[in-house]
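# Structural features, examined
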Amino acid sequence: MESMDDLLAQLKAEYEQKDAGVQPKQQPLFQEQPVNSPLTDPATSESPAKIPDWVSTAEDRELAEMRTEFDKKDQEEVLKQQQELEAEQKRVQQQKQREREALNQQATEWLKGLTPNSAEGLWFEEFSDSYPSKLEAAIDYLQALKETRS
């Protein structure tokens, strides 16, 4: 692309020729560059390349297809991560359920072995008053014992 000074000089020369009565030779103000030429001047290659307005629709279509492909891959990755998260949550939930069932079994056995008139039996009777069932109280008690021993 021509510099601003060159364009101004060309306009001035045309104006002066017109005043002198000489027919100016017709030159376009802007020189079109061939399609395969670089987008930036070699002297100013440090400045970022601008996408010209005349980019072909084929290139636009190709860019749109690439963008669509990347968006699709991103969506697939998000879906995969979401499925992995759901699977992990399901595994954790199943593990907690197995632990709860084991505690339930342990509490049932503990209650069978508890002597109601013993000091522990009397203490547990008072402790379990605030629970909906003795089994729930026994589960919480055994879980607390397990946590303090860990």
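Residues numbered from 1 in each chain as written. Predicted model: local features only at pLDDT ≥ 70, side-chain atom pairs only at ≥ 80, totals over all residues. Heavy atoms only, no water.

Naming follows an unreviewed UniProt entry, where the protein appears as Clathrin light chain of Moorena bouillonii PNG.

Each helix and strand counted, the protein has 4 helices and 0 strands in total. When the elements of the protein are put in sequence order from the N terminus, they spell out α-α-α-α. Split into buried and exposed, the 150 residues of the protein put 11% on the buried side. Counted over contacts in the protein with a minimum sequence separation of 6, partners at least 24 positions apart contribute 37%. (Helix = DSSP H or I, 4+ residues; strand = E, 2+ residues; numbered from the N terminus. Buried < 20%, exposed > 50% of the residue type's maximum accessible area, 1.4 Å probe, protein only. Contact = heavy atoms within 4.5 Å.)

Across all of its chains, the model carries 7 aromatic pairs by this definition. With a centroid separation of 5.4 Å and an interplanar angle of 45°, the aromatic rings of Phe 127 and Tyr 131 are classed as tilted. On the basis of relative accessible area, Tyr 131 is assigned to the partly exposed category, the value being 24%. By the ring-pair criterion, three or more aromatic residues cluster together here, those being Trp 110, Trp 123, Phe 124, Phe 127, Tyr 131 and Tyr 141. (Phe/Tyr/Trp six-rings, centres within 6.5 Å; stacked < 30°, edge-to-face > 60°.)

Another point: the nonpolar core. Within the largest apolar cluster, 10 residues are counted, these being Leu 103, Ala 107, Trp 110, Leu 114, Phe 124, Ala 137, Ala 138, Ile 139, Tyr 141 and Leu 142. Every element with two or more residues in this core is listed here: α2 (57–113) and α4 (134–149). Counting residues per element, this core draws most heavily on α4, which supplies 5 residues. For Ala 107, the residues in contact, after removing those within four places along its chain, are Leu 135, Ala 138, Ile 139 and Leu 142. (Core = buried A, V, L, I, M, F, W, Y, C linked by side-chain atoms within 4.5 Å.)

Before going further, it helps to spend a moment on α2. Taking 1.5 Å of rise per residue, 57 residues should cover 84 Å, and α2 covers 83 Å from first to last C-alpha, within 8% of that figure. When α2 is considered as a whole, its buried residues turn out to be Leu 103, Ala 107 and Trp 110. Where α2 is buried, its residues touch α3 (119–127) and α4. (Expected span 1.5 Å × (residues − 1).)

Moving on to a nonpolar patch on the surface. Together, Met 4, Leu 8 and Leu 11 make up a nonpolar patch on the protein surface, roughly 320 Å² of accessible area in all. Among the secondary structure elements, Leu 8 is positioned in helix α1 (residues 4–20). (Patch = residues over 30% accessible without salt bridge, like charges linked within 9 Å, V, L, I, M, F, W, Y side chains within 5 Å. Areas by Shrake-Rupley, 256 points an atom, 1.4 Å probe, with all protein chains shown as cover. Salt bridge = Lys/Arg side-chain N within 4 Å of Asp/Glu carboxyl O.)

Bringing the pattern of salt bridges into the picture now. Across all of its chains, the model carries 5 salt bridges by this definition. Measuring nitrogen to oxygen at the nearest pair gives 3.9 Å for the salt bridge that ties Lys 112 to Glu 109. Note that Lys 112 and Glu 109 are positioned in helix α2 at a spacing of 3 residues, about one turn of the helix. Judged by relative accessible area, which is 63%, Lys 112 ranks as exposed. The class of Glu 109 is partly exposed, set by a relative accessible area of 43%. Close ionic contact of Lys 134 with Glu 125 constitutes a salt bridge, the shortest N to O distance being 2.4 Å. Residue classification places Glu 125 among the partly exposed residues on the basis of a relative accessible area of 41%.

Turning next to the confidence of the model for the protein. On average, residues of the protein carry a pLDDT of 81, and 75% of them reach 70 or more. Element-level pLDDT for the protein is lowest in α1, with a mean of 77, against a maximum mean of 94 in α3. (pLDDT = per-residue confidence, 0-100.)

The next subject is the packing of α2 against α4. Direction vectors running N to C along α2 and α4 enclose 110°, while the axes themselves pass 9 Å from each other. One finds that α2 runs roughly perpendicular with respect to α4. Of α4, the residues touching α2 (which contributes Arg 100, Leu 103, Asn 104, Gln 106, Ala 107, Thr 108, Trp 110 and Leu 111) are Lys 134, Leu 135, Glu 136, Ala 138, Ile 139, Tyr 141, Leu 142 and Gln 143. Within the contact of α2 with α4, the residues separate by chemical class into 9 nonpolar, 4 polar and 3 charged. (Axes fitted to C-alpha atoms, helices over the stretch in contact; angles between N-to-C directions. Parallel < 35°, antiparallel > 145°, perpendicular 65-115°, else oblique. Nonpolar A, V, L, I, M, F, W, Y, C, P; charged D, E, K, R; others polar.)

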